[in-house]
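Spelled out, the chains give:
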Amino acid sequence: MQTIYSDLLCIGAGLAGERVAIEAASAGFDAVCLSIVPARRSHSSAAQGGMQAALGNCAMGEGDGPDVHFADTVKGSDWGCDQEVARLFVDTAPIVMRELAAWGVPWNRVVPGESKYFKGGKEFTKVEKKEKEGLITARAFGGTAKWRTCYTSDGTGHTVLYTMDNRAAQLGVVVHDRVEAISLIHDGTRCMGAVVRCLKTGDLRVYLAKATLIASGGFGRIYRESTNAVINDGGGHVIALDTGVVPLGNMEAVQFHPTGIVPTDILVTEGCRGDGGTLLDVNENRFMPEYEPDKAELASRDVVSRWMTVHMQKGFGVKSPYGDHLWLDIRHLGIDHIRTKLREVDEICKSFLGIDPAYQLIPVRPTQHYSMGGVRTNKDGAAYGLAGLFSAGESACWDMHGFNRLGGNSLAETVVAGNIIGKKVVDYLKGCEAIFNSKVVDAAVAKQAARITALRNRSNGSESAYAVREAMFDAIMKGAGIFRNEKDLTECVETLQALHERAGRVGLKSNGVGPNPELTLALKIQGMVKLALCVAYGALKRTESRGSHTREDFPERNDRDWLNRTLATWPEGASLPELSYEAATKVFEIPPGDRGYGGGKIISA
Amino acid sequence: MSRILTFNIFRYNPQDPGTPPRMDRFMLDETDRMTLFIALNRIREEQDPSLMFDFCCRAGICGACGMVINGRPGLACHTKTKDLPETITLMPLPAFKLVGDLSVDTGTWFREMYQKVESWVHTSKEFDPAALEERMDNGLAEEIYELERCIECGCCVAACGTALIRPDFLGAVGLNRIARFILDPRDERTDKEYFEIVGNDQGIFGCMGLLGCEDVCPKGLPLQDQLGMLRRKMAFTALKSLVGKHKHAHK
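None of these values were measured; they are calculated from a predicted model. (Residues numbered from 1 in each chain as written. Chains lettered and ligands numbered in written order. Predicted model: local features only at pLDDT ≥ 70, side-chain atom pairs only at ≥ 80, totals over all residues. Heavy atoms only, no water.)

(A) Geometry of the overall build of chain B. Along the backbone of chain B there are 9 helices and 7 strands. Taken along the three principal axes of its C-alpha coordinates, chain B extends 75 × 45 × 35 Å. Burial statistics for chain B: of 251 residues in total, 54% are counted as buried. Of all intrachain contacts in chain B linking residues separated by at least 6 positions in sequence, the fraction that spans at least 24 positions is 62%. Within chain B, one finds 31 positive and 36 negative side-chain charges whose respective centroids are separated by 4 Å. (Helix = DSSP H or I, 4+ residues; strand = E, 2+ residues; numbered from the N terminus. Buried < 20%, exposed > 50% of the residue type's maximum accessible area, 1.4 Å probe, protein only. Contact = heavy atoms within 4.5 Å. Lys, Arg positive; Asp, Glu negative; His and termini not counted. Charge placed at Lys NZ, Arg CZ, Asp CG, Glu CD.)

Next comes the structure, spelled out in structure tokens:
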């Protein structure tokens, strides 16, 4: 068995994983990043719109600062976030954006003089100041008081990831690509690394490390209709949950993005609405101002997705073979703007829909997009339950997003959290003496080898992993989508419990030799069903509406009973997660109040 | 009338050497707006769960799904079956090590390439967290972005005559990367330093000018322009250094 030692093992080589690894490498520690795909294909690359940081350079960002960013973030979270973490985030974000500029990100910059912009389909004029020329500029995004989203056209994730990976290569961070961690190695109190399957050969390897970081992105692929890359199937969450001691936080908080295209669910950026695009119904009427007179299309994502669904339920959706949808209209932004600032959108429309968005409407509907929940950590990024285990980025519940995150805050989180948590990991490594217990390591490997043998020999049964996944998609789409209620959630939980059992009887159809893709899915399908159960069961128990979690039968945000965070652990052999709760935040800079959009009643604490 | 599509797909699992390389045939009923992403997933889920292929973002952004589609390298995710004949032949990209079936190891190739070109900003400046960012002209930022749009899908390498016969050739993608850093004022490397990386047969002089790279680039990058620019710039640098040596010899 090949065994690879390092100071820091990052499971995931997207922006968060690499940013933490860079911090460790800069301090002289060995860092190894694992990635299912070549690092530059990580889902971070797909983020189009931008990163929020209160630089206040552009005209529409004047007067912005971390305090304004903080207020937007807390409101966006519907008071579900940890305010200490949100404060750390907003204060550090501007520095991290400048650092990225120094490393090579070609941020769009302030161009002085008069220029036009659109808001709600109307044209306005702004004047950029001469003294700000050449500083990092910003665009508008939903739920923000100022233009704050730093961007490089609509390829922000791509350029930042390439810059980050360049920096990692320069500092000697080792990236092992096409490998997948299938279990953590731990003794119930301390994490020692991971058992890893090579996706080039199928061989198992052991990675031992003083500190282990889970930075594996979201788990959107437990939903059928998701904007997520196909690799975002929650593998990192599964291995954390499988320890039985590491809790996942707020798994019921799942965000739907307003503009997934129909039928392929590929995302078109919020930048479309930020830059002045509008949403139209079957009659080509703009409807968002009816529901949100002030913010309209630029209310937060949970709010816009909900009103879109309501409007379609009223019969204003556009009928299609793939179900109802609405229209996104960016035609008025003009061909120059679309071909430069919204170029990826232009390409997506042409390649996947066969339409030209400069002249035609884009069919869109709300689609699963982001997981606010994840591996619960403290403000230092240390996971609950196991010493030496950390988490950062979308896979973590750090928790600056609470029950809804604002566009541009997640991409910023990856690098800002990476910077902050990276320093904490370095502190941990400095004080760490590692002792790896070979009995624990051998047992962890033997367990995974036995699972693989059982799947290949069909000794537990011959259920199809693909069929179980399809049934899971059906259950969770039906029960735990945008609108939720007790009846559907109860049914969803029961169905998923039966599927959890079925998943235990999976056996391969093919021979499972080498980097066999059926084995890859079979190894984690039961874990994926567990994640679905954490979402559905958490949602069933949370009898209120907060951020993206909308209960039709409990429409109020209930600060009296639910100003807290759900923690889900999975004891060995259980058929449901064990839920407990902790206060949403220890410190209140801003006491719970009205978000200023989204309507809805509040039951005060 | 919807068509019945025939897929001829290259099959070989190097970890299972008892089974020789072959072409397998799969039939599939075509559906509305079907892409190769949809088709290949259906084949795997309904007909042969061992079929290996790569997709990641499935939206033309990450570059994972490069393959040879009816003889031409391209991204499978945004290839619509309606634009193809009834018989579709799929092969893995050449020039990269085969992982299995349609899946190839691009990660190792690209990592070696960017180690060779030292694909990072070379600067003597320390980042100062207390200072404002260094200013840049927006037009220049956009020009840099233009060259940074490459998604490392490997199609240009697979379509390159030189890359197929010279494994150490940087390829259009490597030369494009160099051009991106030459353009960037944050990178302090001199022309002479760049010349040391690309002024050879592994670099600008290896290109046979067949233009395959630019023809197949799914992002429409101006790859040949970059090569032309580099050749002119590097020829000038080479000339300068020759003149310099000449002078030196006469001293």
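(B) Region of the structure containing the side chain of Asp-187 of chain B. Residues and elements named next belong to chain B. Along the chain, Asp-187 falls in the loop between α6 (171-183) and α7 (191-198). For Asp-187, a relative accessible area of 7% gives the class buried. Setting aside chain neighbours within four positions, we find Asp-187 in contact with Trp-120, Val-121, His-122, Phe-181 and Tyr-194.

(C) Region of the structure containing the sheet that holds strand β16 (residues 374-376) of chain A. The sheet built from 5 strands is open, its strands ordered β18-β16-β11-β22-β23 (chain A) with mixed pairing. Sheet topology places β18 (396-397) and β23 (578-583) of chain A at the edges, where each strand pairs with a single neighbour. (Pairing = 2+ DSSP bridges.)

(D) Quick look at the interface of chain B and chain A. At the interface, 65 residues of chain B touch 80 residues of chain A. Around 5,800 Å² of area is buried between chain B and chain A when both sides are counted, 51% of it from carbon and sulfur atoms. Per-residue buried area on chain B facing chain A is highest for Arg-58, Glu-133 and Tyr-145 of chain B; these three make up 13% of the total on that side. In this assembly, chain B and chain A are joined by 10 salt bridges. Between Lys-219 of chain B and Glu-347 of chain A there is a salt bridge whose closest N-O contact spans 3.3 Å. Joining chain B to chain A, the criterion identifies 44 residue pairs in polar contact (both at pLDDT 80 or more). Elements with a minimum of two residues in the side of chain B that touches chain A: α1 (36-46), β7 (103-105), α2 (106-116), α3 (138-148) and α6 of chain B. A total of 7 residues in the side of chain B that touches chain A trace back to one element, the largest contributor, which is α3 of chain B. In terms of residue class, the side of chain B that touches chain A is built from 29 nonpolar, 13 polar and 23 charged. (Buried area = accessible area lost by both parts, 1.4 Å probe. Salt bridge = Lys/Arg side-chain N within 4 Å of Asp/Glu carboxyl O. Polar contact = N/O pair within 3.5 Å; in protein donor to acceptor, adjacent residues only side chain to side chain. Nonpolar A, V, L, I, M, F, W, Y, C, P; charged D, E, K, R; others polar.)

(E) Here's a closer look at the domain arrangement of chain B. All names here are of chain B. We note that the domain assignment places domain 1 (4-104) and domain 2 (106-249) within chain B. Placing a centre on the C-alpha atoms of domain 1 and another on those of domain 2 gives a separation of 31 Å. Between domain 1 and domain 2, a total of about 1,200 Å² is buried, with carbon and sulfur atoms accounting for 70% of that surface. When residues of domain 1 are sorted by the area they lose upon contact with domain 2, Pro-73, Ala-95 and Phe-96 head the list and together hold 41% of the total. On inspection of domain 1 and its partner domain 2, the count reaches 3 residue pairs in polar contact (both at pLDDT 80 or more). (Domains from an automatic or database assignment.)

(F) Broad picture of the domain arrangement of chain A. Residues and elements named next belong to chain A. What the domain assignment reports for chain A is domain 1 (257-368) and domain 2 (460-603). Between the C-alpha centres of domain 1 and domain 2 the distance comes to 28 Å. The partner domain 2 presents 9 residues to the 13 residues of domain 1 that form the contact. Taking both sides of the interface into account, the surface hidden between domain 1 and domain 2 amounts to around 810 Å²; carbon and sulfur atoms contribute 64%. Interface area lost by domain 1 to domain 2 is led by Glu-292, Asp-302 and Arg-306, which between them contribute 47%. Seen at the junction of domain 1 and domain 2, the total is 1 salt bridge. For Arg-595, the salt bridge goes to Asp-302, with nearest N and O atoms at 2.9 Å. Between domain 1 and domain 2 we count 5 residue pairs in polar contact (both at pLDDT 80 or more) in total. No other element matches helix α8 (residues 301-316), which puts 8 residues into the side of domain 1 that touches domain 2. Looking at the side of domain 1 that touches domain 2 residue by residue, the class counts come to 5 nonpolar, 4 polar and 4 charged.

(G) Representation of the confidence of the model for chain B within the structure. Residues and elements named next belong to chain B. The share of residues in chain B with pLDDT of 70 or more is 95%, and the mean pLDDT across the chain is 91. Across residues 245-251, confidence stays below pLDDT 50; counting only partners more than four residues off in sequence or on other chains, it has 0 contacts. This complex was scored by the predictor with a pTM of 0.95 and an ipTM of 0.94. (pLDDT = per-residue confidence, 0-100.)

(H) Examining a nonpolar patch on the surface more closely. Together, Leu-164, Ile-165, Met-208 and Leu-210 of chain B make up an exposed nonpolar region whose accessible area comes to about 440 Å². Checked against the element boundaries, Leu-210 of chain B lands in the loop between α7 and α8 (212-216). (Patch = residues over 30% accessible without salt bridge, like charges linked within 9 Å, V, L, I, M, F, W, Y side chains within 5 Å. Areas by Shrake-Rupley, 256 points an atom, 1.4 Å probe, with all protein chains shown as cover.)

(I) Main features of the packing of helix α4 (residues 156-170) of chain A against α2 of chain B. With their axes 11 Å apart at the nearest point, α4 of chain A and α2 of chain B run at an angle of 70° to one another. One element, α4 of chain A, and the other, α2 of chain B, form an angle in the roughly perpendicular class. Facing Asp-165, Asn-166 and Ala-169 of chain A of α4 of chain A, the residues of α2 of chain B in contact are Arg-111, Tyr-114 and Gln-115 of chain B. Residue composition of the contact of α4 of chain A with α2 of chain B, grouped by class: 2 nonpolar, 2 polar and 2 charged. (Axes fitted to C-alpha atoms, helices over the stretch in contact; angles between N-to-C directions. Parallel < 35°, antiparallel > 145°, perpendicular 65-115°, else oblique.)

(J) Layout of the pattern of salt bridges. Residues and elements named next belong to chain A. Under the criterion given, the structure shown has 78 salt bridges over all chains. In this structure, Glu-99 and Arg-19 form a salt bridge, with 3.0 Å as the shortest nitrogen-oxygen distance. Note that Glu-99 is positioned in helix α3 (residues 83-103) and Arg-19 in helix α1 (residues 15-26), a separation of 80 residues in sequence. Note on Glu-99: relative accessible area 11%, which makes it buried.

(K) Local environment of the sheet that holds strand β13 (residues 278-280) of chain A. Residue and element names in this part refer to chain A. Taken in spatial order, the 4 strands of this open sheet run β12-β15-β14-β13, and their pairing is antiparallel. Each edge of the open sheet carries a strand with a single partner, namely β12 (254-261) and β13. For this sheet, the mean angle separating the axes of adjacent strands, direction not counted, is 45°. By the bridge criterion, 3 bridges tie β13 to strand β14 (residues 326-329) in an arrangement that is antiparallel. Pairing of Leu-280 across the sheet is with Trp-327, part of β14. Lying on the sheet, helix α10 (residues 343-353) is in contact with β12 and β15 (362-371); it crosses β15 at an angle near 110°.

(L) Just the UniProt feature "active site" (unreviewed entry) in chain A, in detail. Residues and elements named next belong to chain A. Within this numbering scheme, the UniProt entry marks Arg-301 as carrying the feature "active site" (unreviewed entry). Not counting residues within four places of it along the chain, the set of residues in contact with Arg-301 comprises Phe-141, Gln-255, Phe-256, His-257, Pro-258, Glu-270, His-369, Asn-404, Arg-405, Gly-407 and Gly-408. Side-chain polar atoms of Arg-301 contact the side chain of Glu-270, separated by 2.4 Å. (UniProt positions renumbered as here; feature names shortened; annotations may be inferred.)

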